[in-house]
Amino acid sequence: MSIEELLAELDSWFNEPHLTPPRAKFLSKLATLEYCGWLEERFDELVINVSIECGVRDNEAIKAVIKATHGFTYKSHLREMLVAAIGERGVDAAERAMCLAHPNQLDTLVSALSTLKIARGHLAHNSSLATVPQQITIYAPSWCINQQRIVAKQISHFEVCLLAVSRAIHAAV
């Protein structure tokens, strides 16, 4: 089952006519957490692909960096893993290529990941039974579907730029 199918299934349950508020909350929480899990896995896959493309000889070192990384923000997680794979200059070159090929898309991706990190943090670190002293936003599964579609496209664009830079690095070695 793909992430798109999983989120669609959660959304169909969310839209059932006799949905109770607690069940709506659980389905929304699950959709957000599944989307976040997909992002972490997608980032891991991206880093592996980039390291292979640029000819990294010690794939175990890259796997260790991936294993030690828990999260999906751009600067603290994805970018740091990419730096381990292709170096700071390689990541800078890929970011410039992304900005030229797809203006504003990298900034939009970074912003979307930041928004998701906040939402996920509230959901993952609070019980559904707890009374929360502040109001938090819980996004419906349909929000996750839309965000996943947008972010997946941005990641794919960035991956193309990263792989082109990785090939250039490999060719220069």
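Residues numbered from 1 in each chain as written. Predicted model: local features only at pLDDT ≥ 70, side-chain atom pairs only at ≥ 80, totals over all residues. Heavy atoms only, no water.

A. Geometry of the overall build of the protein chain. Of regular secondary structure, the protein chain possesses 6 helices and 0 strands. The order of helices and strands in the protein chain, counted from the N terminus, is α-α-α-α-α-α. Here the C-alpha coordinates of the protein chain stretch approximately 60 × 30 × 30 Å along the principal axes. Taking all 173 residues of the protein chain together, 36% fall into the buried category. In the protein chain, the share of contacts with a sequence separation of at least 24, taken over all contacts with a separation of at least 6, comes to 75%. Accessible surface, the protein chain: about 9,700 Å² in total, of which carbon and sulfur atoms supply 56%. Here the protein chain contributes 16 positive and 19 negative side-chain charges, whose respective centroids are spaced 4 Å apart. (Helix = DSSP H or I, 4+ residues; strand = E, 2+ residues; numbered from the N terminus. Buried < 20%, exposed > 50% of the residue type's maximum accessible area, 1.4 Å probe, protein only. Contact = heavy atoms within 4.5 Å. Areas by Shrake-Rupley, 256 points an atom, 1.4 Å probe, with all protein chains shown as cover. Lys, Arg positive; Asp, Glu negative; His and termini not counted. Charge placed at Lys NZ, Arg CZ, Asp CG, Glu CD.)

B. Spatial organisation of the pattern of salt bridges. In the structure shown here, the tally under the stated rule is 7 salt bridges. Residue Arg 42 pairs with Glu 159 through a salt bridge whose shortest N-O separation is 2.6 Å. Within this pair, whereas Arg 42 is found in helix H2 (residues 21-53), its partner Glu 159 is found in helix H6 (residues 141-172), the two being separated by 117 residues in sequence. Each of Arg 79, Glu 88, Asp 92 and Glu 95 takes part in one network of salt bridges that share partners. (Salt bridge = Lys/Arg side-chain N within 4 Å of Asp/Glu carboxyl O.)

C. Expanded view of the side chain of Ser 28. Mapped onto the elements of the fold, Ser 28 is located in helix H2. Of the polar contacts made by the side chain of Ser 28, one reaches the backbone oxygen of Tyr 139; its length is 3.5 Å. In contact with Ser 28, other than residues within four places in its own chain, are Phe 14, Ile 138, Tyr 139, Ala 140 and Pro 141. (Polar contact = N/O pair within 3.5 Å; in protein donor to acceptor, adjacent residues only side chain to side chain.)

D. Helix H1 (residues 3-14), seen in detail. Taking 1.5 Å of rise per residue, the 12 residues of H1 would be expected to cover 16 Å, and the 16 Å separating its terminal C-alpha atoms lies within 8% of that figure. For H1, the full list of buried residues reads Ile 3, Leu 7, Leu 10 and Asp 11. On an axial view of H1, the arc spanned by its buried residues comes to 100 degrees, and they lie on one face. Where H1 is buried, its residues contact H2 and H6. (Expected span 1.5 Å × (residues − 1). Arc of directions from axis to C-beta.)

E. View of the packing of helix H3 (residues 59-68) against helix H4 (residues 74-101). Where H3 meets H4, the closest approach of the two axes is 10 Å, and the angle between their N-to-C directions is 170 degrees. Here H4 runs roughly antiparallel to H3, going by the angle between their axes. Between H3, through Ile 62, Val 65 and Ile 66, and H4, the contact on the second element is made entirely by Met 81, Ala 84 and Ala 85. A class-by-class count of the residues in the contact of H3 with H4 yields 6 nonpolar, no polar and no charged. (Axes fitted to C-alpha atoms, helices over the stretch in contact; angles between N-to-C directions. Parallel < 35°, antiparallel > 145°, perpendicular 65-115°, else oblique. Nonpolar A, V, L, I, M, F, W, Y, C, P; charged D, E, K, R; others polar.)

F. Here's a closer look at helix H5 (residues 105-124). Here H5 contains 20 residues, and its C-alpha end-to-end distance of 28 Å stays within 8% of the 28 Å for a straight helix at 1.5 Å per residue. Every buried residue belonging to H5 is among Leu 106, Leu 109, Ala 112, Leu 113, Leu 116, Ala 119 and Leu 123, and all of these are buried. Across the axial projection of H5, the buried residues extend over an arc of 150 degrees, all falling on one side. Across from the buried face of H5, at angles greater than 90 degrees, the exposed residues are Asp 107 and Ile 118. The secondary structure elements touched by the buried residues of H5 are H2, H4 and H6.

G. Structural view of the side chain of Asp 11. Residue placement: Asp 11 occurs in helix H1. In this structure, Asp 11 is in contact with Pro 141, Ser 142 and Ile 145, ignoring residues within four places of it in sequence.

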